[in-house]
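# Examination of the molecular architecture
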Amino acid sequence: MRLCSVAVADFRNVSSVQIEPGERFNLLYGLNGQGKTNLLEAIYLLGSPRSFRTSRLPELVRHGEQRAQIRGTVASGGIQNELRLVVESAGRKVEIDGKAVHKASELHGKLNAVVFSPDDTGMVRMGPESRRRYLDRAVYMGDIGYLHCWHSYQRILKQRNHLLKSPDKSGLDIWTEKLAETGAEVIERRLKFVTVLDDKLGRYYATIAGIGETARLSYHPDGVKTALREHIREELLELFKRQQRSDERYGTTTAGPHRDDLTLELDERPLKAFGSQGQQKSFVLALKMAEMDNLQDIFGEAPLLLLDDMSSELDARRNHNLMEFLSSREIQVFITTTERSPALLEATQHCAVFHVEDGNLTFEGN
Ligand code: ATP
Ligand code: MG
């Protein structure tokens, strides 16, 4: 998958930028606060229903303007698509080849991109919510059916919570059954994804860290010990029944996939408690590589890789390992750094270099 051209207008601090990125490596360098991450965010948003930085649309529109616009030409599977995204405070509009798109599923897979940014390591240190958010986004990227069942689950959960709060509890059993049914689908799809990813993760961690530590990712949904949807449904139903008293007391569903967590381990110890900062970064980066690999398996083409602020992320050896690996793959990569010639550039050939200053972009050659 390749982004052949991209034009960004009135997006954050970018008033108007138009570039034709290189097929392989693209370096966007510039001082702090100049718009490097903004440009990665624009590229990411073109193919995704949500930003990796914010869920508040008005933030994306340049101060004093009404709308932001991003256009891009994407080459994939031998064909080209024109994607256009307009962001206004009221909402977002997407067009593919000039036709308005109304469902997220129509955009699915048109421009896949995996981001690795300094904020991502927060998912190791922070609470379960940030890991769930990661999981839900990552599953959806490769599984178009996930969004639908996830939304159904949220809708049913809201109904059930509403009933738990109200004095009249009639119908609660029906909603509990529905919740177990869709919850089982959510869990089944998550489990499938985590099994595939865990298998790839170990290999990528070794590639980056270059040492014999074992990285593991696992998902142990509360109350569930099986992997088949029908069995998960029964287990979930039991869990909800077991929790019903406390659910009624708290007026909310206190257990289920909306409360689950992901387990991240290095050498069988929790990464959060025992991993150094560098190990945590390498782990999350390996996770992103595994995700990329998974998307390549599913779509038959590698997604774009957006590496934000690489200068601060890894030590020289890990950087070298990463660049060597990326050089061996057919991937279009966008890297942002504060310096023009970091060590990582040495490992790459075919790198298009762009200077970012005050929301403007200057091409400086290959
Ligand atoms: P760093 O190296 O520190 O990560 P960066 O080059 O990645 O910096 P960005 O995060 O891309 O910087 O850009 C930050 C700039 O964009 C800030 O100066 C911020 O004020 C500006 N900015 C963010 N949103 C808007 C907006 N809606 N309108 C105008 N400017 C904005
Ligand atoms: Mg930045």
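Before reading on, note that the structure itself is shown above.
This write-up is about the structure you can find in this document.

The rules we used
- Residues numbered from 1 in each chain as written.
- Chains lettered and ligands numbered in written order.
- Predicted model: local features only at pLDDT ≥ 70, side-chain atom pairs only at ≥ 80, totals over all residues.
- Heavy atoms only, no water.
- Helix = DSSP H or I, 4+ residues; strand = E, 2+ residues; numbered from the N terminus.
- Rg over C-alpha atoms; globule rule 2.2 N^0.38 Å.
- Buried < 20%, exposed > 50% of the residue type's maximum accessible area, 1.4 Å probe, protein only.
- Pairing = 2+ DSSP bridges.
- Axes fitted to C-alpha atoms, helices over the stretch in contact; angles between N-to-C directions.
- Contact = heavy atoms within 4.5 Å.
- Core = buried A, V, L, I, M, F, W, Y, C linked by side-chain atoms within 4.5 Å.
- Domains from an automatic or database assignment.
- Parallel < 35°, antiparallel > 145°, perpendicular 65-115°, else oblique.
- Nonpolar A, V, L, I, M, F, W, Y, C, P; charged D, E, K, R; others polar.

When helices and strands are tallied, the protein chain shows eleven helices and 15 strands. Over its C-alpha atoms the protein chain spans a radius of gyration of 22 Å, differing by no more than 12% from the 21 Å that the globule rule assigns to 366 residues. For the protein chain, the C-alpha atoms occupy an extent of roughly 65 × 50 × 35 Å along the three principal directions. Within the protein chain, buried positions represent 54% of all 366 residues.

Bringing the sheet that holds strand β6 (residues 91–96) into the picture now. The six strands lie next to each other as β2-β1-β4-β5-β6-β7, forming an open sheet whose pairing is antiparallel. Sheet topology places β2 (14–19) and β7 (99–101) at the edges, where each strand pairs with a single neighbour. In this sheet, adjacent strand axes meet at a mean angle of 20° when their direction is disregarded. Running over the sheet, helix α1 (residues 36–47) touches β1 (2–11), β2, β4 (67–76), β5 (79–88) and β6 and is turned about 115° from β1.

Soluble globular proteins: nonpolar side chains tend toward being buried together. Ranked by size, the top nonpolar core spans 69 residues in total, and within it Met289, Leu305, Leu307, Leu322 and Leu326 carry the most contacts. When residues of this core are assigned to domains, at least three map to each of domain 1 (1–112 + 303–366) and domain 2 (126–292). Apart from the residues within four sequence positions on either side, Leu322 is in contact with Leu285, Met289, Leu307, Met310 and Leu314. Judged by nonpolar contacts, the second largest core, of 38 residues, contains Ile43, Ile70, Leu83 and Val115.

Let's shift gears to unusual backbone geometry. A positive phi is found at Arg12, a non-glycine position, where the angle reads about 50°. Note on Arg12: relative accessible area 18%, which makes it buried. Even without being glycine, Asp309 reaches a positive phi, approximately 60°. Within the secondary structure layout, Asp309 lies in the loop between β12 (304–307) and α10 (316–327). Using a relative accessible area of 25% as the deciding quantity, one classes Asp309 as partly exposed.

Closest axis-to-axis distance for the helix α6 (residues 172–209)/α10 pair is 7 Å, and the angle between their directions is 120°. Judged by the angle between their axes, α6 and α10 are oblique. Residues Tyr204, Tyr205, Thr207, Ile208 and Ala209 of α6 pack against Arg317, Arg318, Asn321 and Phe325 of α10. Across the contact of α6 with α10, the residue classes break down as five nonpolar, two polar and two charged.

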